[in-house]
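What follows is each chain in one-letter form.
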Amino acid sequence: MRVVTTAQSPVDRVTLDVQPTPLALLLLGREADPRSERGVECPGDLPSPSDPDLVERARAAKEKLGDKVFVLGHHYQRDEVIQFADVTGDSFKLARDAAARPDAEYIVFCGVHFMAESADILTTDDQKVVLPDLAAGCSMADMATAEQVAECWDALTEAGIAEQVVPVSYMNSSADIKAFTGKHGGTICTSSNAKRALEWAFDQGEKVLFLPDQHLGRNTAVRDMGMSLDDCVVYNPHKPNGGLSVEQLRDAKMILWRGHCSVHGRFSLESVADVRARIPGVNVLVHPECKHEVVASADHVGSTEHIIKTLEAAPAGSKWAIGTELNLVRRLANRFAAEDKEVVFLDKTVCFCSTMNRIDLPHLVWTLESLAEGNLVNRIEVDRETEQFAKLALERMLALP
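Quick look at the structure, then. Predicted, not measured: the structure shown is a model, and the values here were computed from it.

## Quick notes on the sheet that holds strand β10 (residues 254-257)
And then number 1: Strand order in the open sheet made by the five strands is β7-β6-β8-β10-β9, with parallel pairing throughout. Edge positions in the sheet fall to β7 (187-189) and β9 (232-235), since each has one partner strand and no second. When the angles between neighbouring strand axes are averaged without regard to direction, this sheet yields 25°.
And then number 2: Here strand β8 (residues 207-211) runs beside β10; their pairing, made up of three bridges, is parallel. Bridging across to β10, L209 finds its partner in I255.

## Considerations on the packing of helix α8 (residues 175-183) against helix α17 (residues 384-398)
And then number 1: Put simply, α8 and α17 touch, their axes get as near as 7 Å, and they point 65° apart. By the angle between their axes, α8 is roughly perpendicular relative to α17. Like other packed secondary-structure pairs, α8 and α17 cross with a definite hand, here left-handed. Contact residues: A175, D176, K178, A179, T181, G182 and K183 in α8; E385, T386, F389, A390, L392, A393 and R396 in α17.
And then number 2: Of the residues in the contact of α8 with α17, the class split is six nonpolar, three polar and five charged.

## Quick word on the pairing of strand β4 (residues 106-110)
And then number 1: With five of its five residues buried, β4 lies for the most part within the structure.
And then number 2: Because side chains alternate across β4, one face comprises the buried residues Y106, V108 and C110, and the other comprises I107 and F109, equally buried.
And then number 3: Direction of pairing for strand β2 (residues 69-74) relative to β4: parallel, over a ladder of five bridges. For V71, the partnering residue across the bridge sits in β4 and is V108.

## Comments concerning the pattern of salt bridges
And then number 1: Taken as a whole and assessed by the stated rule, the structure comprises 17 salt bridges.
And then number 2: Here R335 makes a salt bridge to E312, at a shortest N to O gap of 2.7 Å. Residue R335 is located in helix α15 (residues 326-336), and its partner E312 is located in helix α14 (residues 304-313); the two are separated by 23 residues in the primary sequence.
And then number 3: Because the salt bridges share partners, they merge into one network encompassing D51, R57 and E369.

## What to know about the packing of aromatic side chains
And then number 1: Using the criterion set out here, one finds three aromatic pairs in the structure.
And then number 2: Residues W153 and F180 carry aromatic rings whose centres are separated by 5.6 Å and whose planes lie at 80° to one another, so their mutual orientation is edge-to-face. Here W153, found in helix α7 (residues 146-158), pairs with F180, found in helix α8; they are 27 residues apart in sequence, far enough to count as distant.
And then number 3: Relative accessible area serves as the criterion here: at 12%, F180 is assigned to the buried category.
And then number 4: Aromatic side chains Y235 and W257 sit 5.3 Å apart centroid to centroid with 25° between the ring planes, which places their arrangement in the stacked category. Of this pair, Y235 sits in strand β9 while W257 sits in strand β10; the two residues are 22 residues apart in sequence, bridging distant segments of the chain. Judged on exposure class, the residue Y235 and its partner W257 are both buried.

Reading the values: rules and limits
Residues numbered from 1 in each chain as written. Predicted model: local features only at pLDDT ≥ 70, side-chain atom pairs only at ≥ 80, totals over all residues. Heavy atoms only, no water. Pairing = 2+ DSSP bridges. Helix = DSSP H or I, 4+ residues; strand = E, 2+ residues; numbered from the N terminus. Axes fitted to C-alpha atoms, helices over the stretch in contact; angles between N-to-C directions. Parallel < 35°, antiparallel > 145°, perpendicular 65-115°, else oblique. Left-handed = near helix turned anticlockwise from the far one by under 90°. Contact = heavy atoms within 4.5 Å. Nonpolar A, V, L, I, M, F, W, Y, C, P; charged D, E, K, R; others polar. Buried < 20%, exposed > 50% of the residue type's maximum accessible area, 1.4 Å probe, protein only. Salt bridge = Lys/Arg side-chain N within 4 Å of Asp/Glu carboxyl O. Phe/Tyr/Trp six-rings, centres within 6.5 Å; stacked < 30°, edge-to-face > 60°.

The following block contains the structure:
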């Protein structure tokens, strides 16, 4: 469960001849589902995106707040937002950066919902984590709800293997899923330490339930740990027993949740073949959330931080096709152009993270100005019990060698 503090009265209802379904409203960002990462319309009167004074308004509000505010910017954010970030990074790095600033009263997280939750878990009770747009969720995190995972555990119990299974959840998951993981003896992982997390898990048990990204789980198990594709099965929460037989569950080493990143899932073998044909000598560098066949065909694989460090170390004149979110790729292309490094997006189709892009300059300005006026808006607060077990799972990750 999550508690959200907003600054607006309920949205006025519109009478329709045909009532939209709850799912349709959720996808539109209207109505709320406390078990979901998205679906809450952002409150407040946002400034117009055409306001020429937005940059100056953001600067003035941030200056007025001073040390009371600490702004975090995920790598996938728009440039217009990143310019106001005190630190940038991936989701876990930013959560740790927030925890390292206990004097900051407000943590403004320019990212998505699960990231703000993690920051709330790791910061003090006196600090208030704020998400500029409550509808900034994560499609991957949405693919695993607490109820679905509980049903999965029941299926594993009925198959007689639950005691052998250790859950490992990707950082890109809700606080509820992190809490489930902690309660059942598991750990959290990032895209950079997934191998270490799986090695730890297999020291604790014989099987792993990997949530919620099947691709990171599969790529880590097969590419990094030498397992076979036959060692992996995919649990589909929308099918009875996950669409798997008892025998399949008992034979599997890796039980992968049927989830994926909507951005990284777009890259294909055709994308790789096309860019190699267009740019002779290009290096293909992709995120491990990509499909297994894409990862297998790439020259380099790694997290967002790894991608940045690889390009920093690359020689002048080298050519790179990057398989990750477009805001970051475009920023890297501009940054390294002066060093004669050619950086292009792996796919021809523009591919922003649509929910991450909900955090724009009007939302940031509204948030900072509200806080500067003493109005707490869009607070993300994880309840005590969920926080307790989610923090346990995160601490197990921090203790990994």
